[in-house]
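Examining the three-dimensional arrangement
Residue-level listing of the chains:
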Amino acid sequence: MAVAGPTGPVLSREEVDRALARLGAEHEAVESSLLALQDHAGRRLLEGAELSGATRARWAVAEQLITQLWMYFDTYTGALTAARELRSRRRWPTQAELGELTDLLTGARVTLPGGDPAATVTALGTAAKLSEQLTLQELVDRMNGWYAQALDVVVIADAVWSALPARIDLLAAELQRTRSLAHSVGVRPGEHPAGDDLEDITRELIALRAAVVEDPVAFWTGASPSSAPGGGRPDTDRYDRAARALEDVRREVEAVLTVRQDAEQRLMRVRDVLSRADRTLTEARQARVEVLSKIAASEVPAVSGPPTLLYEQLSVAAEHRRRARWHRLSPLLEGLEQRADEELTRARESLTAVTAPLAVRAELRGRLDAYRAKAARLGLAEDPVLGERYDAARRKLWSAPCDLVAAEQAVLRYQHAVAEALAPPPGGTGGYGQGVIDRRGDS
């Protein structure tokens, strides 16, 4: 049975050796971590930066923690060295030496100053103490906690500074290229909405870069690096919004540039479409006069005049092109193209509506002649009834003005007469035309 010491049962030789090995490994790990933190690029950047906001507050605490970590590490190194020296005196330590080693390794034998009260309160949320008595394991645990807290600030700052400023600079360079192109086509602030947008994006990128450099912690989202590795990331929402806005402006500027390149061709097409619409309306007006003189009792729609407003806008567009006002020409030309196509469609529809009675008359004439040819082909050309009804329908269709309703009825009567003449007699096998042929054959 082990003899009880001041802090509990005295450790055996094997237990002492295991404790020394474990604490030695902890010592190496803490030393490596502190050296890595000392050489971390993020820490060096933080030391030389003018900080603000959350980053300034957290880095002030982290700096004090790093200072205390080295002081605590020196104390830990001294305590561990003393324990190792005591253990190295004999291969088989005496009971008194084992008791002393037990007290060194597990007892609250490490005396530490309370440190800066502000750092202690901020970091641990506890009241500041002038001095503390800790075990070596408690000292290691405290160093690990403070190291994680200091490392969070360093890693967050380094990650944000690595991700955002370079991307903002690239976007600013793209912004400059877009601005130069925009100015070349007249897209300027106060003259075009896209020019105003470029100024807004410029101000946003300047403000964003300054904010990222001064307060990188404010641009971190998600879990802290030490609590959840890979769980957090730099917050790029403001950057992404600026990038999308610039892309919208770039597309607008490219659309204006396209107008500059093919403006003359598009203006010529608009002129051609309007000219065709004008000719079609002229044809419709002439056709209306003809319809009113040749078709009786017909409702003929009125025909509008030439598209004078569109011609005026076309002149304005040509003036914009002559003075290289591409940013004004772009929306005007797009609207002109659409309205010119609509005007041509309307003119064609007007012509169709006006000439509809003439088309109906032509269809009736064609139908009458087709049935007459059919009757003649079947030997009914000399039939007096059919001849009479054909002459009546023809007089109505070829008279001026033509009564379409009466003419259609006359054509229908002729159709019915032809159909009756071709129908077979009751009990017979052939039609009227067949009977005529038979009689001629018998004669």
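Residues numbered from 1 in each chain as written. Predicted model: local features only at pLDDT ≥ 70, side-chain atom pairs only at ≥ 80, totals over all residues. Heavy atoms only, no water.

**Points about the UniProt feature "coiled-coil region" (unreviewed entry) in the protein**
For clarity, the threshold we go by: UniProt positions are given in the numbering used here, feature names are shortened, and annotations may be inferred rather than shown by experiment. Counting from the N terminus, the helices are DSSP H or I runs at least four residues long and the strands are E runs at least two residues long.
Within this structure's numbering, the places UniProt gives as "coiled-coil region" (unreviewed entry) are residues 246-280. The straight-line gap between the two end C-alpha atoms of residues 246-280 is 45 Å; of that span, 100% is helix and 0% is strand.

**Some words on the pattern of salt bridges**
Rules: Criterion for a salt bridge: a side-chain nitrogen of Lys or Arg within 4 Å of a carboxyl oxygen of Asp or Glu.
Summed over all chains, the structure comprises 18 salt bridges. Through salt bridges with shared partners, a single network forms among E247, D248, R250, R251 and E254.

**Side note on the nonpolar core**
Nonpolar side chains in soluble globular proteins generally cluster together in the buried interior. Going by this rule: Nonpolar cores were defined as sets of buried Ala, Val, Leu, Ile, Met, Phe, Trp, Tyr and Cys residues, with membership established by side-chain atoms within 4.5 Å. Burial classes: relative accessible area under 20% of the type maximum marks a residue as buried, over 50% as exposed, and values in between as partly exposed (1.4 Å probe, protein chains only). By definition, residues are in contact when any of their heavy atoms lie within 4.5 Å.
In this structure, L46, W59, M143, V212 and L386 are the most contacted members of the largest nonpolar core, which totals 105 residues. In contact with L386, not counting residues within four places along its chain, are A375, L380, Y414, A417, V418 and A421.

**Things to note about the packing of helix α8 (residues 237-294) against helix α10 (residues 326-354)**
Convention followed: Note on geometry: axes are lines fitted to C-alpha atoms, helical ones only across the stretch in contact, with angles between N-to-C directions running from 0 to 180 degrees. Note on terminology: angles under 35 degrees are roughly parallel, angles over 145 are roughly antiparallel, angles of 65 to 115 are roughly perpendicular, and the others are oblique. Left-handed is the label given to a crossing in which the near helix is rotated counterclockwise from the far helix by less than a right angle, and right-handed is the label when the rotation is clockwise. Ten residue types, Ala, Val, Leu, Ile, Met, Phe, Trp, Tyr, Cys and Pro, are classed as nonpolar, four, Asp, Glu, Lys and Arg, as charged, and the remainder, Gly among them, as polar.
Running from amino to carboxyl end, α8 crosses α10 at an angle of 20°, the nearest separation of the two axes being 8 Å. Here α10 runs roughly parallel to α8, going by the angle between their axes. Crossing of α8 against α10: the hand is left-handed. Across the contact of α8 with α10, the residue classes tally to 22 nonpolar, four polar and twelve charged.

**Quick word on helix α11 (residues 356-377)**
The cut-off we apply is this: Take the number of residues in a helix, subtract one, and multiply by 1.5 Å to get its expected span. Directions from the helix axis toward the C-beta atoms define the arc.
Here α11 is 22 residues long and its end C-alpha atoms lie 32 Å apart, about the 32 Å a rise of 1.5 Å per residue gives. Buried within α11 are the following residues: P357, L358, R361, L364, R365, L368 and A375. For α11, the angular spread of buried residues about the axis comes to 125°, placing them on one side. Packing partners of the buried residues in α11 comprise α8, β7 (295-296), α10, α12 (384-397), β8 (402-403) and α13 (404-422). G379 sits one or two positions beyond α11 and adopts a positive phi of about 85°.

**Considerations on the environment of G222**
Looking at the element boundaries, G222 is found in strand β5 (residues 220-222). In this structure the C-alpha to C-alpha distance between G222 and D235, which are 13 residues apart in sequence, comes to 8.9 Å.

**Considering the side chain of E337**
You can see E337 is positioned in helix α10. Residue classification places E337 among the buried residues on the basis of a relative accessible area of 17%. Once residues within four sequence positions are removed from consideration, E337 is found in contact with R266, R269 and V270.

**As for helix α2 (residues 41-48)**
In an α-helix, one turn spans 3.6 residues, which is why side chains three or four residues apart end up on the same side. Of all the residues in α2, the buried ones are G42, R43 and L46. Down the axis of α2, the buried set is contained in an arc of 100°. They therefore lie on one face.

**Here's the deal with the packing of aromatic side chains**
Stated formally: Pairing of aromatic side chains requires ring centres within 6.5 Å, counting the rings of Phe and Tyr and the six-membered ring of Trp. Pairs whose planes differ by under 30 degrees are stacked, by over 60 edge-to-face, and all others tilted. In this analysis the charged atom, NZ for Lys or CZ for Arg, is taken to sit over a ring once it is within 6 Å of the ring centre and within 35 degrees of the ring normal.
One pass over the structure, following the stated rule, counts three aromatic pairs. On the numbers, 6.1 Å between centres and 90° between planes, the contact of W70 with F73 is edge-to-face. With a gap of three residues between them, W70 and F73 both fall in helix α3 (residues 53-87), about one helical turn apart. A cation over an aromatic ring shows up here: R365 above the ring of W398, its NZ or CZ 4.4 Å from the ring centre.

**Focus on a positive patch on the surface**
Keep this limit in mind: Think of a patch as exposed residues, more than 30% relative accessible area, with no salt bridge, where like charges cluster within 9 Å and nonpolar side chains (Val, Leu, Ile, Met, Phe, Trp, Tyr) cluster within 5 Å. Throughout, the Shrake-Rupley method with a 1.4 Å probe supplies accessible areas, and for residues the shown protein chains are the sole cover considered. Here the positive residues are Lys and Arg and the negative ones are Asp and Glu; neither His nor the chain ends is included. Think of each charge as sitting on NZ of Lys, CZ of Arg, CG of Asp or CD of Glu.
A cluster of like positive charges, contributed by R389, R395, K396 and R413, occupies part of the molecular surface. Ranked by residues supplied to the positive patch, first place goes to α12 with three residues. Position of R389 relative to the elements: it lies in helix α12.

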